[in-house]
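Each chain is listed here by its residues.
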Amino acid sequence: RKEVEQDPGPFNVPEGATVAFNCTYSNSASQSFFWYRQDCRKEPKLLMSVYSSGNEDGRFTAQLNRASQYISLLIRDSKLSDSATYLCAADTGRRALTFGSGTRLQVQP
Amino acid sequence: DTAVSQTPKYLVTQMGNDKSIKCEQNLGHDTMYWYKQDSKKFLKIMFSYNNKELIINETVPNRFSPKSPDKAHLNLHINSLELGDSAVYFCASSPSASGSWEQYFGPGTRLTVT
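Residues numbered from 1 in each chain as written. Chains lettered and ligands numbered in written order. Predicted model: local features only at pLDDT ≥ 70, side-chain atom pairs only at ≥ 80, totals over all residues. Heavy atoms only, no water.

**Comments concerning the overall build of chain A**
So, point 1. Counting secondary structure elements, chain A contains 0 helices and 11 strands.
So, point 2. Secondary structure elements of chain A, listed N to C terminal, follow the sequence β-β-β-β-β-β-β-β-β-β-β.
So, point 3. Taken against the 2.2 N^0.38 rule, which gives 13 Å for 109 residues, the C-alpha radius of gyration of chain A at 13 Å falls within 12% of a compact globule.
So, point 4. Among the 109 residues that make up chain A, the fraction classed as buried is 48%.
So, point 5. Partitioning the intrachain contacts of chain A with sequence separation of at least 6 by distance along the chain shows that 56% fall at a separation of at least 24.
So, point 6. Working note: accessible area of chain A is about 5,300 Å², and carbon and sulfur atoms make up 46% of it.
So, point 7. Across chain A, 13 positive and 11 negative side-chain charges occur, with their mean positions spaced 5 Å apart. (Helix = DSSP H or I, 4+ residues; strand = E, 2+ residues; numbered from the N terminus. Rg over C-alpha atoms; globule rule 2.2 N^0.38 Å. Buried < 20%, exposed > 50% of the residue type's maximum accessible area, 1.4 Å probe, protein only. Contact = heavy atoms within 4.5 Å. Areas by Shrake-Rupley, 256 points an atom, 1.4 Å probe, with all protein chains shown as cover. Lys, Arg positive; Asp, Glu negative; His and termini not counted. Charge placed at Lys NZ, Arg CZ, Asp CG, Glu CD.)

Dropping the structure here:
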């Protein structure tokens, strides 16, 4: 079983839609979690950290469910510019992160 | 600009050659990493250094040798390149003092071995 698993998608949604991604992790000792965005042929960029209390940044909301060992990302009012691959990451306990293989989002006009 | 930078951006070379990739960060971070992203887009850690000390050395062939001359630089030397080494190699750094290990990536080096 992979340490961090994501549905690869693609998720094809119309502009303005709300879309949610989930990501499960297997290491119950993981303490910190993140969502990254990766555009085609570019580096992953930190989108947001994920806290137990949940956190929101504009149209983006991240949640952590420790009991079920998953994190989620909700994008409201999708824009064409949101089209990208979204990677979730969890700390490994060894001063590093392990990444999921990414979920591809395509927002269509 | 404060950032993680890598050189070169593109590297095309033949099997059997030796090549190096350089990485520098001016974010003042203590920890630096090398990741490999293969054609299936899976991002896999290879090495990490904290203040020039090797912390993580995943099951990577010993043809790959990282070197950290100081905490702002982490280079990767690859000997006897093979076709399977073709991938994008990302350098990253992390402000370990925060304890949360969020990482900031360089632009990547796209290596093609022919």
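Alright, that's what it looks like, and here's the rest.
**Quick look at the interface of chain B and chain A**
So, point 1. With 22 residues of chain B at the contact, the number on the chain A side is 17 residues.
So, point 2. Of the roughly 1,800 Å² buried between chain B and chain A on both sides combined, carbon and sulfur atoms contribute 58%.
So, point 3. For the pair chain B and chain A, the number of links is 0 salt bridges.
So, point 4. On the surface where chain B and chain A come into contact, there are 3 residue pairs in polar contact (both at pLDDT 80 or more).
So, point 5. Put simply, the parts of the chain that give the side of chain B that touches chain A at least two residues each are β4 (31–37), β5 (43–50), β6 (53–57) and β10 (104–105) of chain B.
So, point 6. Tallied by class, residues from the side of chain B that touches chain A come to 13 nonpolar, 5 polar and 4 charged. (Buried area = accessible area lost by both parts, 1.4 Å probe. Salt bridge = Lys/Arg side-chain N within 4 Å of Asp/Glu carboxyl O. Polar contact = N/O pair within 3.5 Å; in protein donor to acceptor, adjacent residues only side chain to side chain. Nonpolar A, V, L, I, M, F, W, Y, C, P; charged D, E, K, R; others polar.)

**Concerning the sheet that holds strand β1 (residues 4–6) of chain A**
Residue and element names in this part refer to chain A.
So, point 1. Strand order in the open sheet formed by 5 strands is β1-β3-β8-β7-β6, with antiparallel pairing between adjacent strands. The sheet is open, and its two borders are formed by β1 and β6 (55–57), each paired with just one other strand. Shown here is a sheet whose adjacent strand axes are inclined to one another by a mean of 20°, direction ignored.
So, point 2. Note that strand β7 (residues 60–65) and strand β8 (residues 70–75) share 6 bridges and pair antiparallel. Within the sheet, the bridge partner assigned to L64 lies in β8 and is I71. (Pairing = 2+ DSSP bridges. Axes fitted to C-alpha atoms, helices over the stretch in contact; angles between N-to-C directions.)

**Description of the state of the cysteines**
Think of a disulfide as a covalent bridge from one cysteine sulfur atom to another cysteine sulfur atom.
So, point 1. Inspection of every chain in the model, using the stated rule, returns 2 disulfides over all chains.
So, point 2. The disulfide that involves C23 of chain A links it to C88 of chain A, with 1.8 Å between the sulfurs. Classification of the bridge connecting C23 of chain A and C88 of chain A rests on its S-S torsion, roughly 65°, and on that basis the disulfide is right-handed. Residue C23 of chain A is located in strand β3 (residues 19–25), and its partner C88 of chain A is located in strand β9 (residues 84–91); the two are separated by 65 residues in the primary sequence.
So, point 3. C23 of chain A sits in the buried class, given a relative accessible area of 2%.
So, point 4. You can call C88 of chain A buried: its relative accessible area is 0%.
So, point 5. For C23 of chain B, the disulfide goes to C91 of chain B, at an S-S distance of 1.9 Å. Judged by the sign of its S-S torsion, about -75°, the bond between C23 of chain B and C91 of chain B is left-handed. Of this pair, C23 of chain B sits in strand β3 (residues 19–25) while C91 of chain B sits in strand β9 (residues 87–94), placing them 68 residues apart in sequence. (Disulfide = S-S within 2.5 Å.)

**Comments concerning the pairing of β6 of chain B**
All names here are of chain B.
So, point 1. As defined by bridge partners, β5 adjoins β6 across 4 bridges and the pair is classed as antiparallel. For F47, the partnering residue across the bridge sits in β6 and is N57.
So, point 2. Following β5, the chain reverses through 2 residues before pairing antiparallel with β6; N51 in that reversal takes a positive phi of roughly 50°.

**Digging into the nonpolar core**
So, point 1. In this structure, F21, W35, I71, L73, I75, Y86 and L105 of chain A are the most contacted members of the largest nonpolar core, which totals 23 residues.
So, point 2. For this core, the secondary-structure elements that each account for two or more residues are β3, β4 (33–38), β5 (44–50), β7, β8, β9 and β11 (103–108) of chain A.
So, point 3. The residues touching F21 of chain A, leaving out its near neighbours within four places in the chain, are F11, W35, I71, S72, L73, I75, Y86, T103 and L105 of chain A.
So, point 4. Membership of the second largest hydrophobic core comes to 19 residues, among which are M32, F47, L74 and L111 of chain B. (Core = buried A, V, L, I, M, F, W, Y, C linked by side-chain atoms within 4.5 Å.)

**Let's talk about unusual backbone geometry**
So, point 1. Note the cis peptide between G9 of chain A and P10 of chain A, where omega equals 5°.
So, point 2. Mapped onto the fold, P10 of chain A is located in the loop between β1 and β2 (11–14).
So, point 3. Here the residue pair T7 of chain B and P8 of chain B is connected by a cis peptide bond, since its omega of -5° sits within 30 degrees of zero.
So, point 4. Along the chain, P8 of chain B falls in the loop between β1 (4–7) and β2 (10–13).
So, point 5. We note that K52 of chain B has phi near 75°; this positive angle belongs to a residue other than glycine.
So, point 6. You can see K52 of chain B is positioned in the loop between β5 and β6.
So, point 7. Using a relative accessible area of 48% as the deciding quantity, one classes K52 of chain B as partly exposed.

Function-wise, these values are silent; they only describe arrangement.
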